[in-house]
Amino acid sequence: AAEEGIALVDKDEQGVDRAFREEVLTGLSYDQKAVPARWLYDDDGSQLFEDITQVEEYYPTRAETEILTERGADFANAIGPGRAVVEFGSGSSVKTPLLLRAIDPAAYVPLDIAGDFLRAAAADLAQQFPGLAVHPVEADFTKEVALPPETADMPKLGFFTGSTIGNMVPRTGVDLLRSMRATLGAKSMLLIGMDLVKDRKVLEAAYDDAKGVTAAFNLNLAHRINRELDGTIPVDALRHEARWHDDYARIEMHLVATRDITFEVAGRKFAMAEGESIHTENSHKFSRRSAFMLLRAGGWTPLQRWLDRQERYSLILCRA
Ligand code: AVJ
């Protein structure tokens, strides 16, 4: 890693993120308009997601934290000490200390594309665990990542929380699991959070909370497009919607036009008829079998599975 920090974001002369512009322009030209979910997470979006984890209806974070809090002895037994814990998309996780305390690892390697955030969180963790070697790596973990040489001889445990795997369609999810397998190597294990299929009312409420925090999170994408890409989207004419699609076993987030609108983004003209939408996120939900099948397709063998007390959410331990 360069001392100056590697520029993982490619910006043009005006400081516009090229990938953001290209993906928004392409996505808005589809019949079903769609913008990849990763663009929801600018600074405001990341803060709004943190706020979502605090709302009553959004259970996944609390359910996962409950499992990590209560199953420490199980993890210690099944995983054992001395591994290098490699956390994918570490962010500002409060869940990590729960795992580290339980299994007594030899090293902790947080991976994230948000470098500043990553280094701050890593420094914080190093303070909480004075004896632990912490090696943050700024990287795009959808591709194979070269891990720090200090961890070369340690068996790895991948840690992938939040049911983030559910944001990917199965094809992409399998690719990601295989990249993780390549990154972590033989003899590795993976502890992964996967949210469960349940009553659609519970799911739709989790993605459309009464306080409107999820709506603000979704609408922030339109504000971001306006701000960063010279957009003129009339945000007041967009409404947040969370729909359960049973055939796909997923919640979809959309921004729905409440009237006919026209607008520009980066000099290009777009129109939406009333009722037409921009698809902004998928959140797939799993059964035990569908989770195991996806994991196996990605090169992982499930070993053990834990649920929260209300059986809403699963953590699954696999081996390579
Ligand atoms: C952090 C991506 C897993 O899909 O549940 C929460 C994001 N979107 N509410 C999820 C999210 C709307 C969350 N992930």
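Residues numbered from 1 in each chain as written. Predicted model: local features only at pLDDT ≥ 70, side-chain atom pairs only at ≥ 80, totals over all residues.

**Here's the deal with the overall build of the protein chain**
Here's step 1: Helices and strands together make up the secondary structure of the protein chain, namely ten helices and 14 strands.
Here's step 2: For 320 residues, the compact-globule formula gives about 20 Å, and the C-alpha radius of gyration of the protein chain, at 20 Å, lands near that figure.
Here's step 3: Referenced to the eigenvectors of the C-alpha coordinate spread, the extents of the protein chain come out at roughly 60 × 50 × 35 Å.
Here's step 4: Here the protein chain holds 320 residues, and the buried ones make up 37% of them.
Here's step 5: Restricting to contacts in the protein chain with at least 6 residues of sequence separation, those with at least 24 account for 68%. (Helix = DSSP H or I, 4+ residues; strand = E, 2+ residues; numbered from the N terminus. Rg over C-alpha atoms; globule rule 2.2 N^0.38 Å. Buried ≥ 20, exposed ≤ 12 C-beta atoms within 10 Å, placed from the backbone. Contact = placed C-beta atoms within 7 Å.)

**Things to note about the pairing of strand E10 (residues 261–265)**
Here's step 1: With five bridges connecting them, E10 and strand E11 (residues 268–272) associate as antiparallel partners. Looking at E11, one finds that isoleucine 261 is bridged to methionine 272.
Here's step 2: The hairpin formed by E10 and E11 contains two residues between the paired strands, and alanine 266 there has a positive phi angle of roughly 45°. (Pairing = 2+ DSSP bridges.)

**Concerning the packing of helix H4 (residues 72–79) against helix H5 (residues 96–103)**
Here's step 1: At a minimum axis separation of 8 Å, H4 and H5 run at an interaxial angle of 60°. By the angle between their directions, the pair H4 and H5 is classed as oblique. Like other packed secondary-structure pairs, H4 and H5 cross with a definite hand, here right-handed. In this structure, H4 uses Gly72, Phe75, Ala76 and Ile79 to contact H5, whose residues at the interface are Leu99, Arg101, Ala102 and Ile103.
Here's step 2: The class makeup of the residues in the contact of H4 with H5 is six nonpolar, one polar and one charged. (Axes fitted to C-alpha atoms, helices over the stretch in contact; angles between N-to-C directions. Parallel < 35°, antiparallel > 145°, perpendicular 65-115°, else oblique. Left-handed = near helix turned anticlockwise from the far one by under 90°. Nonpolar A, V, L, I, M, F, W, Y, C, P; charged D, E, K, R; others polar.)

**Comments concerning the packing of helix H2 (residues 43–52) against helix H9 (residues 213–228)**
Angle between the axes and distance between the axes are the two parameters that describe a pair of packed helices.
Here's step 1: Two elements in contact, H2 and H9, have axes whose closest approach is 9 Å; the angle formed by their N-to-C orientations is 165°. Relative to H9, H2 is oriented roughly antiparallel. Between H2 and H9 the crossing geometry is left-handed. Between H2, through Asp44, Gly45, Leu48, Phe49, Asp51 and Ile52, and H9, the contact on the second element is made entirely by Val213, Thr214, Ala216, Phe217 and Asn220.
Here's step 2: Residue composition of the contact of H2 with H9, by class: six nonpolar, three polar and two charged.

**Things to note about H9**
Here's step 1: Look at H9: 22 Å from first C-alpha to last across 16 residues, which is about the 22 Å you get at 1.5 Å a residue.
Here's step 2: At leucine 219, H9 shows its largest bend, some 25°.
Here's step 3: Of the surrounding elements, those touching the buried residues of H9 are helix H1 (18–28), H2, strand E8 (238–245), strand E9 (250–257), E10 and strand E12 (277–284). (Expected span 1.5 Å × (residues − 1). Bend = angle between axes of the 7 residues up to and from the residue.)

**Re the sheet that holds strand E1 (residues 33–34)**
Here's step 1: Reading across the sheet, the four strands line up as E1-E12-E9-E8 and stay open at both edges, with mixed pairing between neighbours. Since the sheet does not close on itself, it has two edges, and those belong to E1 and E8, each with one partner.
Here's step 2: Judged from the two bridges that link them, E1 and E12 form a sheet pairing that is parallel. Within E12, the residue paired with alanine 34 across the bridge is histidine 279.
Here's step 3: Along the sheet, H9 makes contact with E8, E9 and E12, crossing E8 at roughly 115°.

**Re the site of the ligand**
Here's step 1: Around the ligand, the structure places Phe49, Ile52, Pro60, Gly162, Ser163, Thr164, Gly166, Asn167, Tyr207, Thr214, Glu281 and Ser283.
Here's step 2: The set of elements that each furnish at least two residues to the shell around the ligand consists of H2 and E12.
Here's step 3: Considered class by class, the residues forming the shell around the ligand number four nonpolar, seven polar and one charged. (Near = placed C-beta within 6 Å.)

**Considering helix H3 (residues 60–70)**
Here's step 1: The complete set of buried residues in H3 reads Pro60, Thr61, Ala63, Glu64, Ile67 and Leu68. All buried residues of H3 project into a common sector of 170° when viewed along the axis, lining one side.
Here's step 2: Those residues of H3 hidden inside the fold are in contact with H5, strand E7 (189–195), strand E13 (301–307) and strand E14 (313–319). (Arc of directions from axis to C-beta.)

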